[in-house]
Amino acid sequence: MSELTGRLSVFKTYKLYVGGKFPRSESGRVYEVTAGTSAAGAAGKGTWLANAPLASRKDARDAVVAARKAFGGWSGATAYNRGQILYRIAEMLEGRRDQFTAEVAAAEGLSKAKATAQVDAAIDRWVWYAGWSDKVAQIAGGTNPVAGPYFNVSAPEPTGVVAVLAPQESSFLGLVSVIAPAIVTGNTVVVAAAENAPLPALSLAEVLATSDLPGGVVNILSGRTAELSAPLAAHQDVNALDLAGADDELAKELEVAAADNLKRVLRPAPVNWTADPGTGRLLAFLETKTVWHPMGV
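Looking only at helices and strands, the protein chain has ten helices and ten strands in total. Computed over C-alpha atoms, the radius of gyration of the protein chain comes to 20 Å, within 12% of the 19 Å expected from 2.2 N^0.38 for 297 residues, which places it in the range of a compact globule. Principal-axis analysis of the C-alpha atoms places the extent of the protein chain at approximately 90 × 40 × 35 Å. Considering only contacts in the protein chain between residues 6 or more positions apart, those separated by 24 or more positions represent 77%. When the accessible surface of the protein chain is split by element, carbon and sulfur atoms take 55% of a total near 14000 Å². Averaging the coordinates of the 27 positive side-chain charges in the protein chain and doing the same for the 29 negative ones gives two points 3 Å apart.

This next bit is on the environment of Phe22. In this fold, Phe22 is placed in the segment before β1 (30-34). With relative accessibility at 33%, the residue Phe22 sits in the partly exposed group. Separated by 198 residues in the primary sequence, Phe22 and Ile220 place their C-alpha atoms 9.6 Å from one another.

Below, the discussion takes up the pairing of strand β7 (residues 218-221). Burial of β7 is two-sided: the residues Val218 and Ile220 facing one way and the residues Asn219 and Leu221 facing the other way are all buried. Bridge count between strand β6 (residues 188-192) and β7: four bridges; the pairing is parallel. Counted as the bridge partner of Val190 is Asn219 from β7. Note on the crossover from β6 through helix α7 (residues 199-209) to β7: the handedness is right-handed.

The terminal C-alpha atoms of helix α2 (residues 79-95) lie 25 Å apart, and with 17 residues this matches the ideal 24 Å at 1.5 Å per residue to within 8%. On the buried face of α2, the contacting elements are α1 (57-76), α3 (97-108), α4 (112-132), α6 (173-184) and α7.

Moving on to a nonpolar patch on the surface. A cluster of nonpolar side chains, contributed by Phe151, Val153 and Met295, occupies part of the molecular surface with about 260 Å² of accessible area. Considering the arrangement of structural elements, one finds Met295 in the segment after β10 (286-294).

Moving on to the sheet that holds strand β9 (residues 264-266). Read from one edge to the other, the open sheet built from five strands follows the order β7-β6-β5-β8-β9, with strand pairing classed as parallel. Only two strands of the sheet have a single partner each, and these edge strands are β7 and β9. The mean inter-strand angle of the sheet, taken between neighbouring strand axes irrespective of direction, is 15 degrees. Here helix α8 (residues 225-234) sits on the sheet in contact with β5 (161-165), β6, β7 and β8 (240-242), set at roughly 160 degrees to β5.

Attention now goes to the pattern of salt bridges. According to the stated counting rule, one finds 14 salt bridges in the structure shown. Taking the shortest distance from any N to any O, the salt bridge between Arg267 and Glu255 comes out at 2.3 Å. Taken together, the residues span a long stretch of sequence, with Arg267 in the loop between β9 and α10 (280-284) and Glu255 in helix α9 (residues 248-258) at a distance of twelve residues. Judged by relative accessible area, which is 28%, Glu255 ranks as partly exposed. Here the salt bridges do not stand alone but share partners, grouping Lys12, Arg96, Glu103 and Glu206 into one network.

Rules and cut-offs
- Going along each chain's sequence as written, the residues are numbered from 1 onward.
- Reporting of local features is limited, given that this is a predicted model, to residues whose pLDDT is at least 70; pairs of side-chain atoms are given and counted only at 80 or more, and all residues count toward the totals for whole chains, interfaces and linings.
- Computation of side-chain values covers all heavy atoms of the structure but excludes hydrogens and water.
- Secondary structure elements follow DSSP: runs of H or I no shorter than four residues count as helices, runs of E no shorter than two count as strands, and numbering proceeds from the N terminus.
- Each radius of gyration is computed over the set of C-alpha atoms, and the globule rule expresses the reference value as 2.2 Å times the number of residues to the power 0.38.
- Note on contacts: a residue pair qualifies if any of its non-hydrogen atoms lie within 4.5 Å across the two residues.
- For every accessible area listed, the method is Shrake-Rupley and the probe measures 1.4 Å; residues are considered covered only by the protein chains on display.
- The charged-residue count follows a simple rule in which Lys and Arg add positive charge and Asp and Glu add negative charge, with His and chain termini not counted at all.
- In this description, the location of a charge corresponds to atom NZ of lysine, CZ of arginine, CG of aspartate or CD of glutamate.
- Per-residue accessibility, obtained with a 1.4 Å probe over protein chains only, is compared with the maximum for each type, and a residue is labelled buried under 20%, exposed over 50%, and partly exposed between these values.
- Strands are treated as partners if at least two bridges between them are detected by DSSP.
- We call a crossover right-handed when, viewed with the strands running away from us, the connection from the first strand over the helix to the second turns clockwise.
- Expected span, for any helix, means 1.5 Å times one less than how many residues it has.
- A residue counts toward a patch only above 30% relative accessible area and without a salt bridge, and it is joined to like-charged neighbours within 9 Å or, for Val, Leu, Ile, Met, Phe, Trp and Tyr, to nonpolar neighbours within 5 Å.
- The salt bridge definition used is simple: a Lys or Arg side-chain nitrogen within 4 Å of an Asp or Glu carboxyl oxygen.
- Only the contacting stretch of a helix is used when fitting its axis, a line to C-alpha atoms as for every element, and angles between N-to-C directions run 0 to 180 degrees.

Okay, structure coming up:
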């Protein structure tokens, strides 16, 4: 019997992440993903990395249905529980740090050192937002002085289903920086991954699926940003849009579509994703509920 000298390489099959499951696009389409443009330490520019599913408008609609179904349970969970789940995501990413470093390096054309810094910052960001879960009410709510025998209390509540266009230039750290603040406050999201670098986002889905995050809280689609964003912006069951990954022209078109059901819209702006994120995105998709209650005499 001859000695085995080699083996067949097993290429990874990337899939969408919708409702806690991993479907292929209903259209059956895929598109080629190639290595990033800066080449230091990564695969050369234009090197084929994988085929990613090319999500369709129906995939986007299915993701909205899944996000809406998950909203009640997720928004009704305790802030402590949501924080624990975000921390669990960070734990699991720490265990797969080398894998994500390699994927980010290839996706963005970064050196191993720079990719490692991006992945470490993304892990830290999950921990940072996890810590805000039971504290955001302290800065977004409170008691209000009124003239009369009433208690008047304002408290933040999640907006609902948020459609997120992930940053195009930061396939992992930027992605985490737009997902984590939306879900930690109780929203559910449908994410269109970076069009040219979707693989870190699709791999993140594998972590989310095994981290106690309920199915449907985060739904991740890969494909053409403009094709996916149009039905999301016009969808009557989407409550808000984060346009981080849209250019100015696309953002204007999506704002017009979003006006039909008065969606909240966070317009794109230059962001240094490695900087302190602050609380802007944490507060962007919260509503304020104010309760009046008569005082006992």
